[in-house]
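Residue-level listing of the chains:
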Amino acid sequence: MVSVAAVLCGSVMGAQPVQADPVAPKERSSRIAPAGKADPTKRPEDVFDPATKPPQSRVLPGNGTKIAPLTSELKPTAPKALPGAGKAGGVGLAFPGGSGTASESDVNDYTCTPSIYGSTYVGEDGTIGPYSDTIYTADVQCNFFLEYMYGISAAVDWSPYYEGEIGYVGTEFAVSGSYGASYGAFEVQGDLYDGGRQVEVILELYLMASAPWAACNPVPGLRYLLCDGLGTLTLHVVLGTGAFNTGLAPPVIRFVALGDSYSSGNGAPTNVDPVSAPACRRSTETYSWQLIAGRLPLGDRGQSLPIDRPNLRACSGARLEHLLNPQPEAGTPQLQWVSPYRTRLATITIGGNDLGFTDRLSGCFSGYCADAPLLTPADLFAIQARLNNAYALIMGSMRPDGRLIVLGYPAVLPNPDDPQDFQRDSGNCGIVNTFLSDAELRRVYEAATQINTAIATAVFLTGDSRVRYVNTLDAFRGHRVCSPDHLRWAADISFPTTSDTFHPNGAGYAEMARQIRSQAGIG
């Protein structure tokens, strides 16, 4: 919560203004925002926005001066006073024909007292994520009547990368008399906007008196950002609370990990949702969890933001239909977890189950599969079109500045035509040696290449630079199933096959994460 009350001492020189009756404490307290927390049930309608425009310019009555509120450069300014204006905390007057110095009893006769009162409240909304509400009152009370006073408040963003931009404008007042107030209430939506963490409430005033102003004396609790017009009838000042924390945590890149078993973590220990969705085989060793320490330049100002822990919604056995329809093992459609307000990053492997690729690989172990390609051109053309639609659908469900990283499938069985990869004599290749010939291994590697080509083409055809393909086909070269244990990046292979067969192990998922960092620019 922020709560600030402060005093501005303004001095006049020359003719004495007409003094106003002081405002009683009870009356004054009724004009300010309530102390304590803002009421979370009365959330402001005005959302903090760096594109907020200042009010229109206006002309001051009497002297015809044109002013442009909230356009002055804001920089901390020391209090200052003309000679004979009195000391800090007082007002000095110089009467015509006098010595030019006020007596001690005159020092505080004519004062204007600006104040800024307010409170902040931090909450959580299931749609927009964390938010912070700020409610404030900025007013000025003078103990004499002014010819005219104009005032307006605003909230200035001092968060990193925002350089003092105005994100919210309060109400205006333009009156003759001794009191004016500007009110404000704004909301910073923490997942929609990366600023608004460090905010300053300011009050800009134009005060016209019947005699010249002589001082901008120190103001307890507030700072000057502008003091102009000393020695004239119009004092122009901007005061601020100084930057305060709205209570929101630093911004992060919200991350949803979608897809099938190559994203959920088959081949690594299941330790995410082991009770609610055990068949999804979700693991903290999968590649998405290994991206947490990374950063990605996806902030409002292009700043590099840390990647949040993934919302891992990939599920073993998932097909393209499960983006929009519930998968029995998962219970909810995967796209339900992608938000146009929150989701900045999504990763996905998908399409292999739609092609029945695991069943086709298993068929190579139970029979001979080298006579014809495992996948037909019709298979590949159909999956390519469906993948293209799926990527567009995901992007349409994310934030406009979001990014989708589409991974291909790493080949886990050896390529017999690569002498640096194929190791039948490693001692770990017994099942492969028993069930698969070189010709069959070539068909398997051919099919893996074709699937990855279809995925890469579908990404290209989106025409969207925010969708990035990460090629992992040969990421496991030299580390596939026949490699020695300490070098192997694929899970143990068995026949009959298990849900881990043909998948990465923990080291393999670490390599997939490295490929994402390298190819997608994650630091």
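Check the entry above for the structure.
What you see is a predicted model; the values in this text were computed from it and never measured. The residue numbering used here restarts from 1 in each chain and proceeds along that chain's sequence as written. Per-residue local features are limited, in this predicted model, to residues with pLDDT of at least 70; the limit for side-chain atom pairs, both in listing and counting, is 80 or more; totals at the level of whole chains, interfaces and linings are taken over all residues. Each side-chain value is derived from all of the structure's non-hydrogen atoms; neither hydrogens nor water enter the calculation.

Asker: Any chance you could break down the packing of helix α3 (residues 357–366) against helix α6 (residues 438–462) for me, citing the residues and the numbers?
Answerer: Contact geometry of α3 with α6 gives a least axis separation of 10 Å together with a crossing angle of 170°. The angle between α3 and α6 places the two elements in the roughly antiparallel class. For the pair formed by α3 and α6, the contact residues are F357, L361 and C364 on the first element and E440, V444, A447, A448 and I451 on the second. For helices, the axis comes from a line fit to the C-alpha atoms of the stretch in contact; other axes are also lines fit to C-alpha atoms, and the angle between any two N-to-C directions lies between 0 and 180 degrees. Counting from the N terminus, the helices are DSSP H or I runs at least four residues long and the strands are E runs at least two residues long. Roughly parallel means an angle under 35 degrees; roughly antiparallel means over 145; roughly perpendicular covers 65 to 115; every other angle is labelled oblique. Any two residues having at least one pair of non-hydrogen atoms within 4.5 Å are treated as being in contact.

Asker: Give a detailed account of the pairing of strand β11 (residues 223–228), specifying residues and quantitative values.
Answerer: Sheet topology places β11 next to strand β12 (residues 234–240); five bridges connect them, and they run antiparallel. Residue pairing in the sheet places C227 in a bridge with V237 of β12. When DSSP finds two or more bridges between a pair of strands, those strands are recorded as paired.

Asker: Just give me the short version of the layout of surface pockets, but keep the residues and values in it.
Answerer: Of the voids in this model, the largest pocket is the one considered here, and its volume is about 340 Å³. Contributing elements (two or more residues each) for the lining of the largest pocket: α2 (261–264), α3 and α6. Site definitions follow a grid-based scheme: protein atoms alone, a 1 Å grid, a 1.4 Å probe that fits but cannot get out for cavities, and for pockets an open set with protein on both sides within 12 Å along at least five of seven lines, plus lining residues having an atom within 4 Å of a point. Grid points are joined across faces, edges and corners, and a volume is the space filled by probe spheres set on the points. The computed volume of the second largest pocket comes to approximately 240 Å³. Along the wall of the second largest pocket there are 13 residues; nearest its centre are R254, V256, N311, W337 and R342. Element by element, the count of residues in the lining of the second largest pocket is highest for strand β14 (residues 254–259), at three residues. Side-chain classes are defined by residue name, with Ala, Val, Leu, Ile, Met, Phe, Trp, Tyr, Cys and Pro counting as nonpolar, Asp, Glu, Lys and Arg as charged, and the others, Gly among them, as polar. Classifying every residue of the lining of the second largest pocket gives four nonpolar, five polar and four charged.

Asker: Can you explain the state of the cysteines? Please cite residues and give values.
Answerer: Here, a disulfide means two cysteine sulfur atoms that sit within 2.5 Å of each other. What the rule picks out here adds up to five disulfides. A sulfur-sulfur distance of 2.1 Å marks the disulfide that ties C364 to C369. Of note, the bridge from C364 to C369 carries an S-S torsion of about 105° and is right-handed in sense. Sulfur-sulfur distance for the disulfide between C429 and C482 comes to 1.6 Å. Here the residue C429 occupies a position in the loop between β19 (403–407) and α5 (430–435), and C482 occupies one in the loop between β20 (467–470) and α7 (506–520), the gap between them amounting to 53 residues. Each member of the pair, C429 as well as C482, carries the same accessibility label: buried. We call a residue buried when its accessible area falls under 20% of the maximum for its residue type, exposed when it is over 50%, and partly exposed in between, using a 1.4 Å probe and counting protein chains only.

Asker: Describe the pattern of salt bridges, and please don't skip the residues or the numbers.
Answerer: Any Lys or Arg side-chain nitrogen located within 4 Å of an Asp or Glu carboxyl oxygen qualifies as a salt bridge. Evaluation of the coordinates by the stated rule reveals 26 salt bridges. Salt-bridge contacts for D418 lead to R477; the nearest nitrogen and oxygen are separated by 2.4 Å. Pair noted here: D418 is in the loop between β19 and α5 and R477 is in the loop between β20 and α7, with a separation of 59 residues, a long-range link. Residue D418 is classed as buried on the basis of its relative accessible area, which comes to 12%. Under the relative-accessibility criterion, R477 is labelled partly exposed at 38%. Residues joined in a network through salt bridges with shared partners are E124, D191, R254, D308 and R342.

Asker: Could you give me a rundown of the environment of D273, with the residues and numbers involved?
Answerer: Within the element layout of this structure, D273 appears in the loop between α2 and β15 (295–297). Under the relative-accessibility criterion, D273 is labelled partly exposed at 25%. Separated by 39 residues in the primary sequence, D273 and L312 have C-alpha atoms spaced 9.5 Å apart. The contacts of D273, once residues within four sequence positions are left out, are P278 and R282.

Asker: I'd like to hear about the packing of aromatic side chains, residue by residue, with values.
Answerer: Stacked, edge-to-face and tilted are the three classes for Phe, Tyr and Trp ring pairs, Trp counted by its six-membered ring, which pair at centre distances within 6.5 Å; planes under 30 degrees apart are stacked, over 60 edge-to-face, the rest tilted. Summed over the entire model, instances satisfying the criterion amount to 14 aromatic pairs. Taking the centre distance of 5.0 Å and the plane angle of 55° together, the rings of F435 and F495 count as tilted. Placement of the pair is F435 in helix α5 and F495 in the loop between β20 and α7, with a sequence separation of 60 residues. Grouped by ring-pair contacts, the aromatic residues F48, Y136, Y162, Y168, F186 and Y193 constitute a single cluster. By definition here, charges over rings are those cases where NZ of Lys or CZ of Arg is within 6 Å of the ring centre and within 35 degrees of the ring normal. The ring of W337 carries the charged tip of R313 above its face, separated from the ring centre by 3.7 Å. Between R514 and the ring centre of W489, over which it is positioned, the NZ or CZ distance is 5.7 Å.

Asker: Run through unusual backbone geometry, naming residues and quoting values.
Answerer: In this chain, F495 is followed by P496 through a cis amide linkage whose omega measures 0°. Along the chain, the position of P496 falls in the loop between β20 and α7. Of note, L70 is a non-glycine position whose phi angle comes to about 65°, a positive value. Since its relative accessible area comes to 9%, L70 is described here as buried. Positive phi, close to 85°, is recorded for Y161, a residue that is not glycine. The residue Y161 is located in the loop between β7 (129–157) and β8 (165–189) in this model. The exposure class assigned to Y161 is partly exposed, which follows from its relative accessible area of 49%.

Asker: A description of the side chain of Q384 should follow, citing residues and the corresponding values.
Answerer: Tracing the sequence through the fold places Q384 in helix α4 (residues 377–397). If sequence neighbours within four positions are ignored, Q384 has contacts with A454, T457, A458 and L461.

Asker: I'd love a proper account of the packing of α4 against α6, names of residues and values included.
Answerer: Remark: α4 packs on α6, axes separated minimally by 8 Å, with the N-to-C direction vectors making an angle of 40°. In terms of orientation, α4 and α6 fall into the oblique class. The interaxial crossing formed by α4 with α6 has right-handed handedness. In this structure, α4 contributes L380, I383, Q384, L387, N388 and Y391 to the contact, and α6 contributes Q450, I451, A454, I455, T457, A458, V459, L461 and T462. Considering only residue class, the contact of α4 with α6 consists of 10 nonpolar, five polar and no charged. The handedness criterion is simple: a crossing whose near helix is rotated anticlockwise from the far helix by less than a right angle is left-handed, and one whose near helix is rotated clockwise is right-handed.

Asker: Go over the pairing of β14 with me, naming the residues and quoting the values.
Answerer: Taking burial as the measure, the six residues of β14 include five buried ones, the bulk of the element. In this sheet, strand β18 (residues 343–349) lies alongside β14 in parallel orientation, the contact comprising six bridges. Bridge pairing links L258 to I348 in β18. Of the pairings in the sheet, the one linking β14 to strand β17 (residues 311–312) comprises two bridges and is parallel in character. The residue of β17 that forms the bridge with A257 is L312.

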